[in-house]
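# Breakdown of the fold
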Amino acid sequence: MKIGVVQMACSANSDENLERAVGKVEEAAKGGAQIICLPELFRSQYFCQQEDVALFDLAESVPGPSTEVFGKIAKAHRVTILMSVFERRTAGVYHNSLVVLDERGEIGRASCRERV
């Protein structure tokens, strides 16, 4: 089994980070990786050393924009993608969640609030 681990610099621009991550995941898939791991909270610069409510705007739902993009890639390349998402579960409830997209592009997930 071949595993691809994506390392990339993240900027303050969420869309640029998403585009960069897409390119890295596709590169790993074309290189034969079967499981591809993205950096923690790759859509932004890492912010978990502090709690700042202004950063809650970075949160997204699961399923949501990131899982939609990477679900299509997982299905197209028949790979499994592990990705960290700053998840908005409901108003005022946020988690740094691990989303697993299988080779069919389907979602499974675990967050820090659950035992895995």
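Our subject is the structure that appears above.
Bear in mind the structure is a predicted one, so any value in this text is a computation, not a measurement.

What counts as what
- Residues numbered from 1 in each chain as written.
- Predicted model: local features only at pLDDT ≥ 70, side-chain atom pairs only at ≥ 80, totals over all residues.
- Heavy atoms only, no water.
- Helix = DSSP H or I, 4+ residues; strand = E, 2+ residues; numbered from the N terminus.
- Buried < 20%, exposed > 50% of the residue type's maximum accessible area, 1.4 Å probe, protein only.
- Contact = heavy atoms within 4.5 Å.
- Areas by Shrake-Rupley, 256 points an atom, 1.4 Å probe, with all protein chains shown as cover.
- Pairing = 2+ DSSP bridges.
- Phe/Tyr/Trp six-rings, centres within 6.5 Å; stacked < 30°, edge-to-face > 60°.

### Some words on the overall build of the protein chain
Secondary structure summary: the protein chain contains two helices and five strands in total. Counted from the first residue to the last, the protein chain has its helices and strands arranged as β-α-β-α-β-β-β. Residues counted as buried form 40% of the 116 residues belonging to the protein chain. Across the protein chain, every contact between residues at least 6 apart in sequence was considered, and the portion connecting residues at least 24 apart equals 56%. Of the roughly 6,900 Å² that the protein chain leaves accessible, carbon and sulfur atoms contribute 49%.

### Things to note about the environment of Ala-59
Here Ala-59 shows up in the loop between strand E2 (35-37) and helix H2 (65-77). On the basis of relative accessibility, which here comes to 7%, the residue Ala-59 falls in the buried class. Residues Ala-59 and Arg-88 lie 29 residues apart in sequence; the distance between their C-alpha atoms is 5.3 Å. Apart from the residues within four sequence positions on either side, Ala-59 is in contact with Phe-86, Glu-87, Arg-88 and Tyr-94.

### Here we look at the pairing of strand E4 (residues 93-101)
Note that strand E3 (residues 80-90) and E4 share nine bridges and pair antiparallel. The residue of E4 that forms the bridge with Val-85 is Ser-97. Counting the residues in the hairpin turn of E3 and E4 gives two residues, including Gly-92, whose phi is positive at 80°.

### Here's the deal with the packing of aromatic side chains
Evaluated as defined, the whole model comprises one aromatic pair. Ring centres 5.7 Å apart and planes at 85° place the aromatic pair Phe-42 and Phe-70 in the edge-to-face group. One end of the pair, Phe-42, is in the loop between E2 and H2; the other, Phe-70, is in helix H2, and 28 residues separate them in sequence. The burial state of Phe-42 is the same as that of Phe-70; both residues are buried.

### A closer look at unusual backbone geometry
Note the cis peptide between Val-62 and Pro-63, where omega equals 0°. With respect to the secondary-structure elements, Pro-63 resides in the loop between E2 and H2. Of note, the phi angle at Leu-41 is positive, near 50°, even though the residue is not glycine. Topologically, Leu-41 is positioned in the loop between E2 and H2.

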